[in-house]
Amino acid sequence: MEPPANPGDGPPVELELTVENVESALCQLYFDPDMERKNMAQKWLTQAQGSAQAWQFCWALLGPDKLPEVQFFGASTLHTKISHHWSDLPTDQHEGLRAQLLSHILRFSSGPKMVLTRLCVALASMALNLIPQAWPQPVADMVRAFQPQKPDSEGGAGAEASQDPHAHCLALLELLTVLPEEFQSGRLVQARRAQLREALAGEWAVVCPMLRQLLQSQDSSNQVKDKVLRCLSSWVGLDVPLGESHELVQDCFTALSNPELFDTAVETIVTAISQPDCQRYIDALVNLMPLVLGLHDQLKTAAQGGDMETSHGICRIAVAMGETHSRVLLEQVDHWQEYLALVNMILYCTGIPGHYPVSETTSSLTLTFWYTLQDDILSFEEEKQAVYLQVYRPVYFQLVDVLLHKSHYPSQEEYTSWSSDDKEQFRIYRVDISDTLMYVYEMLGAELLSNLYDRLGRQLMDPQQSAVWQDTEALLFGFQSIAETIDVNYSDVIPGLIGLIPRINISNIMLADTVMYTIGSLAEWLADHPVMLGGILPMVLQGLVKAELSVSSVSTLKRICRECRHDLAPYAQDILTVSQDVLLKEIHKSSQCMWLMQALGFLLSALPVDEILGRLHSLITPHVQRLDTLAQHELNPTNKQSIVHILGMMSSLFTTLDINVQADGSEGAASPRLTPSQTTQNPVVVVLQQVFTLIQTILSKWLDDSEVVEAVCGVFDKSVRTLLHDFGPMVAQLSEMLGQIYSAFPQASALDLARQMVHIFAGDEHHISDIRGLIEVLTSATLTIFQQGPRDHPDIAESFMHLHAQILKRKPDLYLSDQLDIKALFYCGILSLKFPETPTVKAASLFFTELLPRCKDMPSLGEVLQRDGKLLTETILQAVGGGSPRSLTEHFSEVLLSLNRHCPALLSQWLKETLQTPGFPSAQVSTEQKHTFSQQLLREQTNKRRVKEIVKEFSLLCRGLQGSGYSDY
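Residues numbered from 1 in each chain as written. Predicted model: local features only at pLDDT ≥ 70, side-chain atom pairs only at ≥ 80, totals over all residues. Heavy atoms only, no water.

(A) Layout of the overall build of the protein. When helices and strands are counted, the protein shows 46 helices and 0 strands. Viewed in the frame of its principal axes, the protein has a C-alpha envelope of about 110 × 85 × 60 Å. Looking at the protein as a whole, 53% of its 969 residues are labelled buried. Accessible area of the protein: about 42,700 Å², with a carbon and sulfur share of 50%. One way to put it: in the protein the 70 positive side-chain charges average out to a point 5 Å from where the 113 negative ones average out. (Helix = DSSP H or I, 4+ residues; strand = E, 2+ residues; numbered from the N terminus. Buried < 20%, exposed > 50% of the residue type's maximum accessible area, 1.4 Å probe, protein only. Areas by Shrake-Rupley, 256 points an atom, 1.4 Å probe, with all protein chains shown as cover. Lys, Arg positive; Asp, Glu negative; His and termini not counted. Charge placed at Lys NZ, Arg CZ, Asp CG, Glu CD.)

Structure, rendered in structure tokens:
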């Protein structure tokens with residue numbers, strides 16, 4: 001489409017609907033660089049399509065002298081009118097419209113393709129409106145219309161139609177292809193959909209023989225055959241019986257030998273045999289089986305020749321047949337050898353030569369098949385199951401060998417040449433293999449582990465075999481896959497495996513990585529057999545000093561320290577020494593350092609109490625000294641990241657260092673613990689008190705940096721969560737510091753820490769005055785933010801609402817303080833409900849659902865509710881009516897339910913007063929609809945789900961979306 005000389009000269013919205021103006025608007029839509037004008041043209045054209053005149057001007061737009069884009073719009077307009085405005089067309093005009101459409105399809109049969117397809121879709125839509133009463137045999141009529149014939153002089157339309165039989169044939173196939181597609185995509189009520197499906201299925205008797213004839217005919221071009229295959233795919237979606245079309249599906253297999261048709265033939269065959277309904281036609285499936293098996297030679301040739309597309313396609317067919325109909329085919333005992341051959345064909349696909357995903361992409365298609373087959377075999381009754389297991393257990397043992405081979409890494413040199421995307425795909429592929437091996441264990445059981453163990457033993461004892469590290473790695477990978485999710489504590493081969501692992505040379509990084517993960521997967525077994533730790537731990541510590549093994553070695557040490565903590569005392573010094581060394585040398589990335597500190601927290605927790613503080617000091621002192629040095633340095637990003645990193649390590653350590661965790665009951669696992677009252681102070685508290693001044697120094701310099709403040713709060717937050725009441729000695733000084741830093745520079749993390757302190761200490765008489773003082777300071781500072789405009793601080797609003805919800809839940813008496821401005825707090829809650837951010841609205845809703853139940857017992861709260869409850873109700877209704885995103889409606893419904901539960905009379909009054917305002921909360925709802933909403937809402941005081949439905953329906957009405965199809969989204 002050539003742009004006009006002046007693309008800006010488009011039709012203003014008020015111009016009349018003429019062909020010229022439509023063409024002008026199309027030029028503006030396609031070529032005007034101004035987005036506003038493009039949008040204006042788009043809007044005008046949409047209005048034009050909806051107008052009554054569109055029935056007339058669409059034909060003029062399809063004139064032979066028009067540009068393809070204009071013709072396309074004409075055809076699209078026809079489809080829009082037929083599919084959305086069908087009732088506007090008088091019945092006596094239906095026949096004329098059908099004739100015109102057929103005539104135009106014939107004319108456009110030689111192109112442009114986009115116009116032809118749109119016209120076909122329009123006629124298909126018309127057929128769906130008329131079938132079956134007004135148009136009982138649409139397909140037969142369509143086929144007849146496309147037979148070679150003399151030009152139709154009526155209206156002159158047919159005279160210009162193309163007389164190319166080949167083009168006519170393609171146009172007819174296009175029409176027959178879009179007919180089922182239009183049915184599938186149309187919005188139809190269930191009864192009408194069922195009626196149409198039945199009528200169209202009846203038309204298959206006409207379509208199927210014609211498609212078969214075209215596919216078998218030597219005169220048919222590849223283009224026609226391709227269209228036949230696509231047409232069959234489209235009709236299969238209607239669940240046409242395989243019994244009536246299996247001969248046509250069989251004919252599709254001949255197209256697989258034609259390279260030009262191969263891809264389409266694969267899609268068609270897979271679509272046809274993947275229909276679950278096919279299982280009713282067992283004879284048809286059995287007849288297709290030899291054709292699928294007949295592809296095995298073509299598959300092998302393609303695989304050996306590196307033809308990935310062909311092997312991929314044939315594999316899809318085999319898997320579709322085997323997976324969709326697994327149980328049905330298993331039950332055909334007379335054909336058990338054929339199904340076994342198909343299973344072996346799929347096994348070949350699983351083990352197809354090459355490395356996934358670089359030189360093959362087929363094997364991954366087969367993995368779910370093995371799940372399905374196993375499930376079906378194990379679902380038979382015991383006697384029948386035993387017969388099938390006799391046949392298929394050997395296949396599954398072969399499968400394990402194949403999967404382990406496919407999981408092999410390539411050579412180091414080749415792997416280095418892979419792209420990062422290929423490496424990531426290979427990693428995911430190995431995870432899929434791992435899941436499959438875990439699943440297969442259910443069928444093969446302990447014999448599978450024995451098999452793997454025997455092979456690993458032979459390999460490690462034979463110097464020639466152990467030189468191939470990939471073989472060892474694959475076997476360990478198999479062990480790890482199973483041990484990660486299956487309880488192997490009772491397996492008799494694990495002691496032998498633990499004995500073999502130290503014999504493995506872990507000089508290769510990928511092998512070493514798998515060794516680490518394998519040890520980690522056996523951590524629970526080691527906890528039950530601590531005598532074996534001595535042989536394994538040195539390997540883990542050896543891995544810990546290598547940056548390349550960072551993730552695997554640190555995660556494995558963490559698992560061992562968590563599971564075996566009560567048996568690690570003899571090895572504690574070695575673990576601490578190596579760990580401290582790698583931390584100071586900065587071998588690991590930040591996240592792994594955090595994991596390592598968590599591991600050491602588990603380790604220290606289980607040591608005798610009198611040892612913990614000394615070891616804790618040894619561990620943490622170098623980092624505290626580094627922190628002290630950084631605190632004296634200038635403010636720059638590098639120093640900041642180092643400070644945040646060290647504070648993060650302390651947080652991680654204090655997350656797991658809990659001296660009150662009791663031994664888990666294993667005999668002699670740990671010496672009896674001292675209770676907090678028997679000892680002086682928790683070691684963590686001692687350390688925190690020692691570094692408190694240093695932390696204050698850091699805060700004084702970095703007070704306006706949210707990342708540093710968050711890291712500091714994180715140290716105390718993790719400590720409070722872990723120590724609970726043992727944290728008591730820190731409450732006074734921490735409360736004072738929190739109040740100071742928040743008053744100077746408000747941060748959400750300070751409010752979150754205060755919430756945690758309220759949760760633990762609000763009920764403690766020793767600390768209530770400190771907590772009360774802290775709450776008053778934080779509230780006063782936050783109210784100032786709200787007065788200045790909180791919109792830029794949704795995180796502070798959210799954390800503030802959560803803090804006060806926690807206060808109301810744990811210690812509502814704090815609201816009796818004269819220093820708390822309850823009226824202002826109520827208003828802050830209302831403002832927070834107006835935020836667009838979901839977490840803030842959710843927190844504000846929680847605040848009100850905690851506050852409203854207490855209004856009866858606390859006069860000060862009741863007074864505020866009496867005064868400002870109407871404003872709260874109005875705010876919620878405005879949000880529900882379109883003022884807030886629709887996704888937040890659920891949270892507003894919870895506040896409305898709470899209001900109705902605790903002050904129904906007041907809510908009734910507020911609803912009446914607010915909803916009587918014309919146009920509130922939306923001009924889309926009538927007075928009657930608002931009254932209905934009020935009555936429905938006031939009836940529900942307990943049913944949370946029903947209130948959500950009522951509010952959601954009202955919200956949709958307010959937004960004009962009720963019945964638009966959006967109500968499901």
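(B) Representation of the UniProt feature "domain: Importin N-terminal" (unreviewed entry) in the protein within the structure. UniProt feature "domain: Importin N-terminal" (unreviewed entry): in the numbering of this structure it lies at residues 41-107. As annotated, residues 41-107 has a helix share of 73% and a strand share of 0%, and its two end C-alpha atoms lie 29 Å apart. (UniProt positions renumbered as here; feature names shortened; annotations may be inferred.)

(C) Expanded view of helix H41 (residues 838-851). For H41, which comprises 14 residues, the first-to-last C-alpha distance of 20 Å matches the rise-based estimate of 20 Å (1.5 Å per residue) to within 8%. For H41, the complete set of buried residues consists of Thr840, Val841, Ala843, Ala844, Ser845, Phe847, Phe848, Glu850 and Leu851. Where the residues of H41 are buried, they touch helix H39 (794-810), helix H40 (822-833), helix H42 (859-883) and helix H43 (889-902). (Expected span 1.5 Å × (residues − 1). Contact = heavy atoms within 4.5 Å.)

(D) Just unusual backbone geometry, in detail. Residue glycine 111 is joined to proline 112 through a cis peptide bond whose omega torsion reads -5°. Following the sequence through the fold, proline 112 ends up in the loop between helix H5 (94-107) and helix H6 (113-130). Phi at glutamate 586 is positive, roughly 55°, even though this residue is not glycine. A relative accessible area of 59% means that glutamate 586 is categorised as exposed. Located in the positive-phi region is leucine 724, a residue other than glycine, with phi close to 55°. Locating leucine 724 in the fold gives a position in the loop between helix H35 (706-723) and helix H36 (731-744). On the basis of relative accessibility, which here comes to 39%, the residue leucine 724 falls in the partly exposed class.

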